[in-house]
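# Residue-level structural notes
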Amino acid sequence: FMNAYWWVVVLALGGIIGGSISYFRSENGSKEWDRLILRIPVFKRLIKNVCVARFAGNFGSLIEGGIPVVRALMITSDIVGNNVYTNIILKAAEEVKTGGSISSVFFRYPQDIPTIVSQMVKIGEDTGTTAEVLTGVAKFYDQEVEVMTRNLSVLIEPILISLLGLGVGILTVGVLLPIYNVAGQL
């Protein structure tokens, strides 16, 4: 089959890859990708920490700069870079418009927003020091992301070395086996 219809296999693989890329670039596909990436065991925590750090740092800076809370939330929702977190932040903006608090929305999403962040936002709202509290939260989560990426590279190293060793072994066998077959026939 592969000798006769190799072009069908190449076309099918190209179609699957092209279709997947096209789907994940669409609005619905992008939302699905963001939900999917938050389910991958190793990367889930890293992506969550990156999004929380982006939210806290940018929202804290905007509030400190004198931007109104609702406008700052709208701007921050565009910066976060993940549709799941964008929706949570936009819900928080709607809650603030109706007189509610940001922390009340965050407490509804404990699987996405760490409880400590929700509590820190609540403390900031209660004391009027939201910008300072969020700046501290952003520093903490930036450090967490840095440590996680460093540890992730240490974990990936042995896997890459094993894959390279396997590749070299296959290449060696592929080169030496025909030589031994020819030498054996002489």
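Rules used in this analysis
Every chain begins its residue count from 1, and numbering advances along the sequence as written. Thresholds applied to this predicted model are a pLDDT of at least 70 for local features of residues and 80 or more for the giving and counting of side-chain atom pairs; totals over whole chains, interfaces and linings are not thresholded and use all residues. Derived side-chain values reflect all non-hydrogen atoms in the structure, with water molecules and hydrogen atoms excluded from consideration. Only Phe, Tyr and Trp rings are paired, with Trp represented by its six-membered ring, and only when their centres lie within 6.5 Å; those with planes under 30 degrees apart are stacked, over 60 edge-to-face, the remainder tilted. The rule is simple: take the accessible area with a 1.4 Å probe, protein chains only, and divide by the maximum for that residue type; under 20% is buried, over 50% is exposed, in between is partly exposed. The term salt bridge refers to a side-chain nitrogen of Lys or Arg lying within 4 Å of a carboxyl oxygen of Asp or Glu. In this description a helix means any DSSP run of H or I spanning at least four residues, a strand means any run of E spanning at least two, and both kinds are numbered starting from the N terminus.

Right, let's talk about the packing of aromatic side chains for a bit. Enumeration over the complete set of coordinates arrives at five aromatic pairs. With centroids separated by 5.3 Å and ring planes inclined at 65°, the aromatic side chains of Phe24 and Trp33 adopt a geometry described as edge-to-face. For Trp33, a relative accessible area of 40% corresponds to the partly exposed category. Among the aromatic side chains, those forming a connected cluster through ring pairs are Tyr23, Phe24 and Trp33.

Here we come to the pattern of salt bridges. In total, this model carries seven salt bridges according to the counting rule given. Notably, a salt bridge pairs Arg150 with Glu146, separated by 3.1 Å at the nearest N-O pair. Within this pair, Arg150 and its partner Glu146 are both found in helix 8 (residues 130-185), separated by four residues, close to a single helical turn. Owing to a relative accessible area of 49%, Glu146 belongs among the partly exposed residues under this scheme.

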